[in-house]
Amino acid sequence: MSTVLAQASKDHSSDYSMHEIACEYNDDLGQYVVKAYPPKHITSMSDTEMDVVTWTPVLYHWDGVRFHIWNKFDMPSAFANVTPHGIEDGKHGGWFDTETQENFDSVTFKNLPSGAFAIMNVMTFESNGEVLRKVSPNTCDIQR
């Protein structure tokens, strides 16, 4: 799995790198799925403080003319504590599920039609409510 580095816009100082998404066959579900991953690297908005950032993936499907929203969540999927140097490491670091507070790896989108998919990654910083949106660095296809 590769990542693409992307510097945030001039309006803020956070930087981040995003994982590619994956279209893959899930044996347990017996179907093709799209997997989205939270940012591999992300920093706080401040040069001196820790921040809590939430991540919400929004799935887009290509309809032959344009991408349109296929699935989005009402609440963020995951959160992480970030410093100016990145995601807090150690026993209590990394990404966590917003509902269960358990360690978090990815979101799996199921019951999908054939076609191309992309993810819009929405990251919100608790300290100032700043919202960053970054399209996944790739699209993936499900063929039937």
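Residues numbered from 1 in each chain as written. Predicted model: local features only at pLDDT ≥ 70, side-chain atom pairs only at ≥ 80, totals over all residues. Heavy atoms only, no water.

### Quick look at the sheet that holds strand E4 (residues 31–36)
Overall, antiparallel pairing links the three strands, which are arranged E3-E4-E11 in an open sheet. Each end of this open sheet is capped by a strand with a single partner; those strands are strand E3 (22–26) and strand E11 (107–109). Each neighbouring strand pair of the sheet contributes to a mean axis angle of 40 degrees, computed without reference to strand direction. Pairing analysis gives three bridges linking E4 to E11, with the strands arranged antiparallel. The residue bridging Lys35 from the neighbouring strand is Thr108, located in E11. (Pairing = 2+ DSSP bridges. Helix = DSSP H or I, 4+ residues; strand = E, 2+ residues; numbered from the N terminus. Axes fitted to C-alpha atoms, helices over the stretch in contact; angles between N-to-C directions.)

### Some remarks on the side chain of His61
Position of His61 relative to the elements: it lies in strand E6 (residues 51–62). A distance of 3.0 Å separates a polar side-chain atom of His61 from the backbone oxygen of Ser114. Excluding residues that lie within four positions of it along the chain, His61 makes contacts with Arg66, Phe67, His68, Trp70, Pro113, Ser114, Gly115, Ala116 and Phe117. (Polar contact = N/O pair within 3.5 Å; in protein donor to acceptor, adjacent residues only side chain to side chain. Contact = heavy atoms within 4.5 Å.)

### Concerning the state of the cysteines
One pass over the full model with this rule turns up one disulfide. Bridging Cys23 to Cys140, the disulfide has an S-S length of 2.0 Å. Measuring the twist about the S-S bond at about 70 degrees, one finds the Cys23-Cys140 disulfide to be right-handed. Note that Cys23 is positioned in strand E3 and Cys140 in strand E14 (residues 140–142), a separation of 117 residues in sequence. On the accessibility criterion, Cys23 (22% relative accessible area) is partly exposed. (Disulfide = S-S within 2.5 Å. Buried < 20%, exposed > 50% of the residue type's maximum accessible area, 1.4 Å probe, protein only.)

### Side note on the nonpolar core
Within the largest apolar cluster, 26 residues are counted, with the highest numbers of intra-cluster contacts made by Val34, Ile42, Val53, Trp55, Trp95, Phe109 and Met123. Put simply, the parts of the chain that give this core at least two residues each are strand E2 (15–19), E4, E6, strand E8 (78–83), E11, strand E12 (115–125) and E14. In terms of residues, this core owes the most to one element, E12, which gives four residues. The contact partners of Val34, leaving out residues within four places of it in the chain, are Ile21, Ala22, Cys23, Leu59, Val107, Thr108, Phe109, Leu112, Phe117, Cys140 and Ile142. (Core = buried A, V, L, I, M, F, W, Y, C linked by side-chain atoms within 4.5 Å.)

### A word on the pattern of salt bridges
Evaluated as defined, the whole model comprises one salt bridge. Across the pair Lys35 and Glu24 runs a salt bridge whose closest N-O atoms are separated by 4.0 Å. Within this pair, whereas Lys35 is found in strand E4, its partner Glu24 is found in strand E3, the two being separated by eleven residues in sequence. (Salt bridge = Lys/Arg side-chain N within 4 Å of Asp/Glu carboxyl O.)

### Structural notes on unusual backbone geometry
Located in the positive-phi region is Gln101, a residue other than glycine, with phi close to 65 degrees. Within the element layout of this structure, Gln101 appears in the loop between strand E10 (96–97) and E11. Non-glycine residue Asn111 carries a positive phi angle of around 55 degrees. Turning to its location among the elements, Asn111 is positioned in the loop between E11 and E12. Note on Asn111: relative accessible area 62%, which makes it exposed.

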